[in-house]
Amino acid sequence: MLIPRPHRLVRLPGRFPLGPGTALRAGDGAQRAAALLRGYLGLDLPVTPDGTFVLALDPALRGLGEEGYGLTVGRDGVLLRAPRPAGLLHGVQTLRQLAAAAGGESLPCVQVSDRPRFGWRGVLLDVARHFLPVGYLRDFVDRCAGYKLNVLHLHLTDDQGWRLPVAGYPLLTEVGGRRRQTAGDGVPHGGSYRAAELRSLVAYAAERGVTVMPEIELPGHARAALAAYPHLGNVPGRRLEVWERWGVCESVFGVHDEVFDFLRTVFGTVLDLFDSPYVHIGGDECPTAEWETAPAARARARAAGLAGPRDLHGWFLRRAGRLLLDHGRVPVCWAEAGAAPLLPREFTVMPWRDAAHGLAAARRGHDVVMTPHRSTYLDYPQSDDPAEPPGQQPGTVTLADVYAGEPAPADWEPAAAARVLGTQAQLWTEYAPTPAHVDHLAFPRLAALAETAWSHERDLADFRRRAAAPVTTPGYTPTKEERP
Ligand code: ACM
């Protein structure tokens, strides 16, 4: 009945009743978990010193790591314990699922000892191609936390939109946050977040054990920024519009000093709003044609001692990543072919085209979060049923494909496999214009991804049975202001 499947679970006879008579006891460091649990159970449970439903932080507990927990539900009492606060939050999600399966009226008696296989269990939401209101993001975070996912990767900027407010650069959102139409449909689209909204999202996620990792795409996928501030590009005096179609755009950031001044300011905002130890800087799909013709870029390549303007791709990423490393944050990049720019080992990489690129990067000493598109890209249709909304590209990524994705393939040597931090799903929204579309793409495949990241043992048939049970929350309802 639980997703993801816990490490060890023993079902015991009997049930613990939930009702107005149930009282919680929350020790030091367990109050946040208790508050979350009360919200989920929908009961106004009193917190008393002699409650029989106990949540306890116990740093002396061994063998549960940063995120594990132990749970005993007996007929007369419940004991949830964890050595670290994150473990308590995951235990609360287990209780939430157990209660939901019983209509909220009781908990089955169980003994659970649980901890994740991987520490990075993420999902990317592309809010650049189609803007998603912050209310949706909050609800999405809560549902992700239900599956014990712990990273929300927010893809905040791309050719088609810039969603992050940056002081001193108001046109990023005023101009870069809107496009006139998409693929000739004549329908304007836009949106951006307020700093306070992002701050409150980060706090809301943290209360659920989820870290929000921002992504600022560079040096490619930057056209929305160039539409706002043409001087950041490679062609002086050229005006571009926010891109009105999909694909790989030739217009990329220039390599002159003003661009790095701009990035320093953008990262200043990013580091202020987001406490994630990791910050994604894109790095994928960067055509070098503009640098090969722009005199300023050619001169920069020569001055930097590069073999040619193409090598500016790696040069740019190294320089941008340094701006983060200097502040104690880890830059994350998409990894492409083996010939992709060589990056310092401090960069964490996400192989999106092929798992083999992850192996090559791990061998070079990079930490790796596995994101191969054939098992983690949820923008592909999940079946070839004609009722599916149109997908981004031909092919499908089925629930079984996601479930079969192996974050640390058995044929990798142990030293390379040990570099795998975990895995995450990608929800690109080029063909998902509304929250309902995103939901359709996400569930239940995201539950399958969560199990690949958390569970030590997997069984597809058993997963399908558990996934057929009622979901833990009804999902997102737009507020009046958010309704289109
Ligand atoms: C990607 O899908 N271009 C990371």
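Definitions and cut-offs
- Residues numbered from 1 in each chain as written.
- Predicted model: local features only at pLDDT ≥ 70, side-chain atom pairs only at ≥ 80, totals over all residues.
- Heavy atoms only, no water.
- Helix = DSSP H or I, 4+ residues; strand = E, 2+ residues; numbered from the N terminus.
- Rg over C-alpha atoms; globule rule 2.2 N^0.38 Å.
- Buried < 20%, exposed > 50% of the residue type's maximum accessible area, 1.4 Å probe, protein only.
- Contact = heavy atoms within 4.5 Å.
- Lys, Arg positive; Asp, Glu negative; His and termini not counted.
- Charge placed at Lys NZ, Arg CZ, Asp CG, Glu CD.
- Expected span 1.5 Å × (residues − 1).
- Core = buried A, V, L, I, M, F, W, Y, C linked by side-chain atoms within 4.5 Å.
- Axes fitted to C-alpha atoms, helices over the stretch in contact; angles between N-to-C directions.
- Parallel < 35°, antiparallel > 145°, perpendicular 65-115°, else oblique.
- Left-handed = near helix turned anticlockwise from the far one by under 90°.
- Nonpolar A, V, L, I, M, F, W, Y, C, P; charged D, E, K, R; others polar.
- Pairing = 2+ DSSP bridges.
- Polar contact = N/O pair within 3.5 Å; in protein donor to acceptor, adjacent residues only side chain to side chain.

Caption draft 1: Spotlight on the overall build of the chain. On a plain count of helices and strands, the chain comes out with 17 helices and 18 strands. Here the C-alpha atoms of the chain give a radius of gyration of 23 Å, agreeing with the 23 Å that 2.2 N^0.38 yields for 484 residues. Expressed along its principal axes, the backbone C-alpha trace of the chain runs to roughly 75 × 55 × 45 Å. Expressed as a percentage of its 484 residues, the buried residues of the chain come to 56%. In the chain, of all internal contacts separated by at least 6 residues, the share reaching a separation of at least 24 is 73%. For the chain, the separation between the mean place of its 52 positive charges and that of its 54 negative charges on side chains is 3 Å.

Caption draft 2: View of helix 10 (residues 312-325). Along its 14 residues, helix 10 runs 19 Å from first to last C-alpha, staying within 8% of the 20 Å computed at 1.5 Å per residue. Counting buried positions along helix 10 yields 10 of 14 residues, so the element is predominantly enclosed. Contact partners of the buried residues in helix 10: strand 13 (211-218), helix 7 (257-273), strand 14 (278-282), helix 8 (289-293), helix 9 (295-303) and strand 15 (330-335).

Caption draft 3: The environment of F347, seen in detail. For F347, the position within the fold is in the loop between strand 15 and strand 16 (348-351). Given a relative accessible area of 0%, F347 falls into the buried group. Along the sequence, F347 and L273 sit 74 residues apart, while their C-alpha atoms lie 21 Å from each other. Not counting chain neighbours up to four residues away, the residues in contact with F347 comprise I281, L317, R318, G321, L325, P331, C333, H366 and D367.

Caption draft 4: View of the environment of P433. Tracing the chain through its elements places P433 in the loop between strand 18 (420-427) and helix 15 (435-442). When its relative accessible area of 36% is taken as the criterion, P433 is described as partly exposed. Counting along the chain gives 306 residues from P433 to V127, while the straight-line C-alpha distance between them is 10.0 Å.

Caption draft 5: Quick look at the nonpolar core. One finds F140, L164 and F316 to be the most contacted residues of the largest nonpolar core, which totals 105 residues. In terms of residues, this core owes the most to one element, helix 7, which gives 9 residues. What F140 contacts, discounting residues up to four positions off in sequence, is V123, L125, L152, L427, A442, F443 and L446. Counting 31 residues, the second largest nonpolar core, distinct from the first, contains Y40, Y69, V78 and L89.

Caption draft 6: Expanded view of unusual backbone geometry. For the bond running from I3 to P4, omega is -5°, close enough to zero to count as cis. Cis rather than trans, the peptide bond between F443 and P444 has omega equal to 10°. Within the secondary structure, P444 is located in the loop between helix 15 and helix 16 (445-454). Not every positive phi belongs to a glycine, and H221 is a case in point at roughly 50°. With respect to the secondary-structure elements, H221 resides in the loop between strand 13 and helix 6 (223-228).

Caption draft 7: Local environment of the packing of helix 7 against helix 10. For the pair helix 7 and helix 10, interaxial distance at closest approach is 10 Å and the crossing angle is 40°. As summarised for this structure, helix 7 and helix 10 are arranged oblique, according to the angle between their axes. Two packed elements cross with a definite hand, and for helix 7 against helix 10 that hand is right-handed. Where helix 7 abuts helix 10, its residues D257, V259, F260, L263, R264, F267 and L271 lie against W315, F316, R319, A320, L323 and L324. Its residues assigned to classes, the contact of helix 7 with helix 10 comprises 10 nonpolar, no polar and 3 charged.

Caption draft 8: Focus on the sheet that holds strand 6 (residues 106-114). Strand order in the open sheet formed by 6 strands is 1-6-4-5-3-2, with mixed pairing between adjacent strands. A single partner strand is all that each edge strand has here, and the edge strands are strand 1 (8-17) and strand 2 (24-26). Averaged over all neighbouring strand pairs, the angle between strand axes comes to 15°, with direction disregarded. Here strand 1 pairs with strand 6 via 7 bridges, running antiparallel. What sits directly across from L9, in strand 6, is V112.

Caption draft 9: Quick look at the side chain of R129. Note that R129 resides in the loop between strand 7 (120-126) and helix 3 (134-146). A distance of 3.2 Å separates the side chain of R129 from the side chain of D158, its partner in a polar contact. Separated by 2.7 Å, the side chains of R129 and Q160 make a polar contact. Leave out the neighbours within four places in its chain, and R129 touches H155, D158, Q160, R163, R179, H189, H221, W246, W428, T429 and E430.

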